[in-house]
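Given next are the chains, with one letter for each unit.
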Amino acid sequence: MARAAIIVARLIFAGVFFMSAAFKFWLMGMDATAAQIAGAGFPYPMFLAWVAAFFEVALGIGFLVGLYFSEVAVISAIYILFLGVTFHGPSKWTGNPMEFGFFVDHFTFIAGLLFAAVHGPGDMMVLRVNRDGQKTNHQDRLQGEEEWQATS
């Protein structure tokens, strides 16, 4: 059961970031994304829209493959916090009370990401890097840790 829950959670995390990128690339479009970024007061909004879209694709891939999973989860949490404060923060609440709900929703997502960062990607669908910087699978990692502990 735990294994299935972890895989589903990783697929949800990846799906959220892929959907967000899809909105930028196709559904909403880069022009609309850039307009939102410009509305928040950032310079070079079109450039930042493209950076955000590719960054979200990279985060989605990170959750799927599990390589540096905890780091990807923490970076995602920081990114979501930034988005929540920037686009749904206190300055937006007076004009639209729904913005407060959007703001709070970001924190529930952050909580899940931090929980994932602490508990890791599970043992399925995971690429890992060993101490020599080479990619390895979960079984190789377990065997390597046992050998390392035996020599320590």
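Numbering of residues begins from 1 in every chain and follows the order in which that chain's sequence is written. This being a predicted model, a pLDDT of at least 70 is required before a residue's local features are given, and a value of 80 or more before pairs of side-chain atoms are given or counted; all residues contribute to the totals for chains, interfaces and linings. Based on all heavy atoms of the structure, the side-chain values leave hydrogens and waters out of the count.

K.L.:
Describe the nonpolar core, naming the residues involved and giving the relevant values.
P.N.:
Membership of the largest hydrophobic core comes to 18 residues, with the highest contact counts inside it found for F13, F17, F63, Y79, I80, F109 and L113. Counting only elements with at least two residues in this core, the list comes to helix 1 (2-27), helix 3 (45-65), helix 4 (69-88) and helix 6 (98-119). Considering each element in turn, this core owes the most residues, 7 residues, to helix 4. Apart from the residues within four sequence positions on either side, Y79 is in contact with F17, A52, F55, E56 and L59. Residues grouped as a nonpolar core are buried Ala, Val, Leu, Ile, Met, Phe, Trp, Tyr and Cys residues, joined through side-chain atoms within 4.5 Å. Note on exposure labels: buried denotes an accessible area under 20% of the residue type's maximum, exposed denotes more than 50%, and partly exposed covers the range between, all computed with a 1.4 Å probe on protein chains only. M30, A34, I37 and A49 belong to the second-largest nonpolar core, a separate cluster that totals 5 residues. Here a strand is any run of E in DSSP of at least two residues, a helix any run of H or I of at least four, and the numbering for each starts at the N terminus. Between two residues, a contact is recorded if the distance between any of their heavy atoms is within 4.5 Å.

K.L.:
Talk me through the packing of aromatic side chains; I want residue IDs and the actual numbers.
P.N.:
What counts as a ring pair is set by centres within 6.5 Å for rings of Phe, Tyr and Trp (its six-membered ring), and what kind of pair is set by the plane angle: stacked under 30 degrees, edge-to-face over 60, tilted for all other angles. The tally for this structure, following the rule as stated, stands at 14 aromatic pairs. For the pair F17 and F109, a centre-to-centre distance of 5.9 Å together with 40° between the ring planes defines the contact as tilted. Taken together, the positions of F17 in helix 1 and F109 in helix 6 put the pair 92 residues apart, joining distant regions of the chain. On the basis of relative accessibility, which here comes to 2%, the residue F17 falls in the buried class. Since its relative accessible area comes to 19%, F109 is described here as buried. Consider the rings of F25 and F54, whose centres lie 5.2 Å apart with planes at 70°: the pair is edge-to-face. Placement of the pair is F25 in helix 1 and F54 in helix 3, with a sequence separation of 29 residues. A relative accessible area of 22% means that F25 is categorised as partly exposed. Put simply, the rings of F13, F17, F63, F69 and F109 touch in pairs and so form one group of aromatic residues.

K.L.:
Describe a nonpolar patch on the surface, with residues and values.
P.N.:
Together, V8, I12, V16, M19, F23, W26, L27 and M28 make up a nonpolar patch on the protein surface, roughly 840 Å² of accessible area in all. The topology assignment puts M28 in the loop between helix 1 and helix 2 (30-39). Of the residues examined, M28 reaches a relative accessible area of 35% and is grouped as partly exposed. Patch building starts from residues that exceed 30% relative accessible area and form no salt bridge, then joins like charges within 9 Å and nonpolar side chains (Val, Leu, Ile, Met, Phe, Trp, Tyr) within 5 Å. Methods summary: accessible areas were calculated by the Shrake-Rupley approach with a probe of 1.4 Å, and residue burial reflects only the protein chains presented. Within this document, salt bridges are pairs made up of a side-chain nitrogen of Lys or Arg and a carboxyl oxygen of Asp or Glu, the two lying within 4 Å of each other.

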